[in-house]
Amino acid sequence: MAVGRAVVTGGAGFVGSSVVEALTGRGTSVLVVDDLSTSAASNLDRLTGTVELLKHDIRDAGPLRAAFTAFCERLLTGRPLIVFGDGTQTRDFVHVGDVAAANLAAADSPDLPHRVYNVGTGTEVSIRELLRATATAASADPDAVVAVPAPRRPGEVHRSCLDVRRSVAELGLARPVPLVEGLRRTLGWIRSR
Ligand SMILES: NC(=O)c1ccc[n+]([C@@H]2O[C@H](COP(=O)([O-])OP(=O)(O)OC[C@H]3O[C@@H](n4cnc5c(N)ncnc54)[C@H](O)[C@@H]3O)[C@@H](O)[C@H]2O)c1
């Protein structure tokens, strides 16, 4: 991208800091606008390149929380994992680096035919499968991980998977990072915090 400077709102967070990392990796200097309500400035410490942080609230939104980060922190500290419902509910888990790459691909292409793109893998993964894959990524025995069932949350969507055909075709995205590899990288990021 021929952009010398970019602004990333929420850039100190989990997704945002990966976008910042991808930008600085290509020589773009970045202004992060973040109120640090759910993150810490130290998330930016690992980045090389020019990154400036402006602590600022951009809207009236409440705090955001990445449920998966909490899930990993419990696994890494040996605490039981809480599974709402029977664990057969599914989601489409995409690695944060792929989310950053999709954002950059969209920013690189001002003449895209659409304004909204799904960023995912197109693969449905159940919470049970995620739990086992996360244990594998953490080099733990998947059978030894204790999941404490909790009542299904009212109104929760049972199955969720994204149609990524448009984003693959129009953003030219590479194949997504495989689940266990993505989890391994994410666990490394959480351990380093
Ligand atoms: N992490 C995931 O797996 C995931 C999955 C699906 C969707 N999302 C969505 O992506 C977004 C980012 O997720 P994340 O995991 O990076 O969360 P995060 O909490 O790590 O990052 C959000 C960042 O925004 C900042 N922020 C919040 N309110 C602000 C405000 N008013 N002004 C300025 N900065 C503000 C926070 O301080 C934080 O740095 C969220 O909307 C989340 O729901 C995340």
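Cut-offs used in this document
Residues numbered from 1 in each chain as written. Predicted model: local features only at pLDDT ≥ 70, side-chain atom pairs only at ≥ 80, totals over all residues. Helix = DSSP H or I, 4+ residues; strand = E, 2+ residues; numbered from the N terminus. Rg over C-alpha atoms; globule rule 2.2 N^0.38 Å. Buried ≥ 20, exposed ≤ 12 C-beta atoms within 10 Å, placed from the backbone. Near = placed C-beta within 6 Å. Arc of directions from axis to C-beta. Contact = placed C-beta atoms within 7 Å. Pairing = 2+ DSSP bridges. Axes fitted to C-alpha atoms, helices over the stretch in contact; angles between N-to-C directions. Domains from an automatic or database assignment. Nonpolar A, V, L, I, M, F, W, Y, C, P; charged D, E, K, R; others polar. Core = buried A, V, L, I, M, F, W, Y, C linked by C-beta atoms within 7 Å.

## Remarks on the overall build of the chain
- Counting its secondary structure elements, the chain contains 6 helices and 7 strands.
- Counting from the amino terminus, the chain carries its helices and strands in the arrangement β-α-β-β-α-β-β-α-β-α-β-α-α.
- The C-alpha radius of gyration computed for the chain amounts to 18 Å, which stays within 12% of the reference 16 Å derived for 193 residues, consistent with globular compactness.
- Dimensions along the principal axes, computed over C-alpha positions, put the chain at roughly 50 × 35 × 35 Å.
- Classification of the 193 residues of the chain by burial places 24% in the buried group.

## So, the site of the ligand
- Among the 19 residues in the neighbourhood of the ligand, the closest are listed as Gly-10, Gly-13, Val-15, Thr-38 and Ser-39.
- Per element, the largest residue contribution to the shell around the ligand is 3 residues, and it comes from helix α1 (residues 14-25).

## A short note on helix α4 (residues 127-137)
- Looking only at α4, the buried set comprises Leu-130, Ala-133, Thr-134 and Ala-137. Buried positions in α4, seen along its axis, are confined to an arc of 100 degrees and lie on one side of it.
- Buried residues belonging to α4 abut α2 (67-76), β6 (125-126) and α6 (179-191).
- After α4 finishes, the residue Ser-139 shows a positive phi value of roughly 60 degrees.

## Quick word on the sheet that holds strand β1 (residues 5-9)
- Here we have 3 strands laid out as an open sheet, ordered β1-β2-β3, and parallel in their pairing. What marks the edges here is a single partner per strand, and that holds for β1 and β3 (51-55). With strand direction ignored, the average angle separating the axes of adjacent strands in the sheet is 20 degrees.
- Where β1 and strand β2 (residues 29-34) come together, 5 bridges link them in parallel fashion. Of the residues in β2, the one forming a bridge with Arg-5 is Ser-29.

## Section: the domain arrangement of the chain
- For the chain, the assigned domains are domain 1 (1-64) and domain 2 (66-193).
- Inter-centroid distance (C-alpha atoms) of domain 1 to domain 2 is 21 Å.
- Between domain 1 and domain 2, the contact holds 8 residues from the first and 11 residues from the second.
- Here the residues of the side of domain 1 that touches domain 2 sort into 6 nonpolar, 1 polar and 1 charged.

## Remarks on the nonpolar core
- In terms of nonpolar packing, the biggest core is built from 23 residues, with Val-20, Val-30 and Val-32 touching the most fellow members.
- Put simply, the parts of the chain that give this core at least two residues each are α1, β2, α3 (96-108), α4 and α6.
- By residue number, the principal contributor to this core is α3, which donates 5 residues.
- The two domains that each donate at least three residues to this core are domain 1 (1-64) and domain 2 (66-193).
- Beyond its immediate chain neighbours, meaning those up to four positions away, Val-30 contacts Ala-6, Val-8, Gly-11, Val-20, Leu-23, Thr-24, Thr-50 and Val-51.

## Observations regarding the environment of Arg-185
- Tracing the backbone through its elements, the reader meets Arg-185 in helix α6.
- Separated by 87 residues in sequence, Arg-185 and Asp-98 have C-alpha atoms that sit 12 Å apart.

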